[in-house]
Amino acid sequence: MFKAKNLSPQKLAGFTALILSAIIALGSLLVDGNWQVMLGAFVLTFLVSYYLYLYTLQNFIYRKIKLIYKFIYQTKASKREEFFQKNILPLKTIEEVSEDVEKWASQKKEELDNLRRNEAFRKEFLLNLSHELKTPIFAVQGYIHTLLDGALEDPAVNKMFLKNATKNIDRLCRLLDDLDEISKLESGEMTINAETFVIQDLVKDVFDTLSLKANTKGIKFNIKKGCEAPIPVLADKEKIRQVLINLVDNSIKYGKPDGHTVASIYNMDGKRVLVEISDDGIGMAEEHLPRVFERFYRTDRARSRDIGGTGLGLAIVKHIVEAHDQSITVRSKPEIGSTFGFTMEAGKESML
């Protein structure tokens, strides 16, 4: 009953008053020897000391605790909170109050850690964005200044410089389009128009679209054996086309000459379908995998820029997949290749 962690202010005041009144009553008995005087001293001391201790605890100690609670919530108390502070809080033990404060401190620590991570991400994002924008802008600036300084009259270089300037302008336009795409996906402005279609048919369309680019490196496309049977899915067809184009295009960029890009489709549990795009290219080290879907993250910046791309493709892919309430994963190993897999909602065959 009198365990320290279970003591309320009333119990603590009563326990203290009982000890004090017993000591005074015993002293009175030893001095006077009158039992009536001893009993009166006991009762009077108990009542006075009990209410005095209780008043002290509730009006001094718990006033400080109320200030702590006000600091924690940092808002003007509502009627419900005022009732809590006047009627519930004084019944709480110091240990319970301590647990509340520790819980609040833990929540604030998590918030601060999250803010620090977001701040670090923001700084890195702005730094990368600045670098990605400056690269094509400075290139265009250099070509134009060179042309204005006299190269415009030189037929041996003027067309080449104009073509190079045009390439960098196109790269800048792609970058701005991708940034606009991501902002729409993150703000929820882009709607998902779900329809039922056969995923293998869409994969074949994407393979046909990128076949010329793959042929320049001798890369062959195919659907994994055993995955040819038509599987319907329910998703936004054009958005999923964009996902597949990004993943297949990456498999070409980072694939080895005369390599292979393989699409695998699995009906997982009747509710979801898993699509995987695999290559046998340069792959990635394990430490890069948790960050490959971040905006502008590149495992090898110099090599990635030589290959091309805005550095936003995988970030867009992740946003599109998550907009469908699905997930995307990656497996990779250097010099072995990479596999990107994402899930989709299974469609009903009767709807085909």
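Everything below is about the structure shown above.
Read on for an overview of the structure. All of these numbers come straight from a predicted model, not from anything done at the bench. (Residues numbered from 1 in each chain as written. Predicted model: local features only at pLDDT ≥ 70, side-chain atom pairs only at ≥ 80, totals over all residues. Heavy atoms only, no water.)

Across its full length, the protein holds ten helices and seven strands. Element-wise, carbon and sulfur atoms account for 58% of the exposed surface of the protein, whose accessible area totals about 21700 Å². (Helix = DSSP H or I, 4+ residues; strand = E, 2+ residues; numbered from the N terminus. Areas by Shrake-Rupley, 256 points an atom, 1.4 Å probe, with all protein chains shown as cover.)

Its place among the elements puts T343 in strand β7 (residues 337-346). When residues no more than four places from it in sequence are discounted, the contact partners of T343 are M268, R272, V273, L274, V321, Q326 and S327. (Contact = heavy atoms within 4.5 Å.)

This brings us to the packing of aromatic side chains. The tally for this structure, following the rule as stated, stands at six aromatic pairs. Plain terms: the ring middles of Y143 and F161 are 5.3 Å apart, the flat faces sit at 50° to each other, and that makes the pair tilted. Residue Y143 is located in helix α4 (residues 94-148), and its partner F161 is located in helix α5 (residues 158-187); the two are separated by 18 residues in the primary sequence. With relative accessibility at 16%, the residue F161 sits in the buried group. Ring-pair connections join several aromatic residues into one group, and the members of that group are F42, F46, Y50 and Y51. (Phe/Tyr/Trp six-rings, centres within 6.5 Å; stacked < 30°, edge-to-face > 60°. Buried < 20%, exposed > 50% of the residue type's maximum accessible area, 1.4 Å probe, protein only.)

The next subject is the pattern of salt bridges. Within the structure shown, the criterion is met by nine salt bridges. E335 is the partner of K256 in a salt bridge, and the nearest nitrogen-oxygen pair spans 3.7 Å. A residue pair is termed long-range when its members are at least 10 positions apart, and K256 in the loop between α8 (237-253) and β4 (260-267) and E335 in the loop between β6 (328-333) and β7 qualify at 79 residues. Here K256 falls in the partly exposed class, since its relative accessible area comes to 30%. For E335, a relative accessible area of 52% translates into the label exposed. The salt bridge involving E322 is made with K318; its shortest N-O contact spans 2.8 Å. (Salt bridge = Lys/Arg side-chain N within 4 Å of Asp/Glu carboxyl O.)

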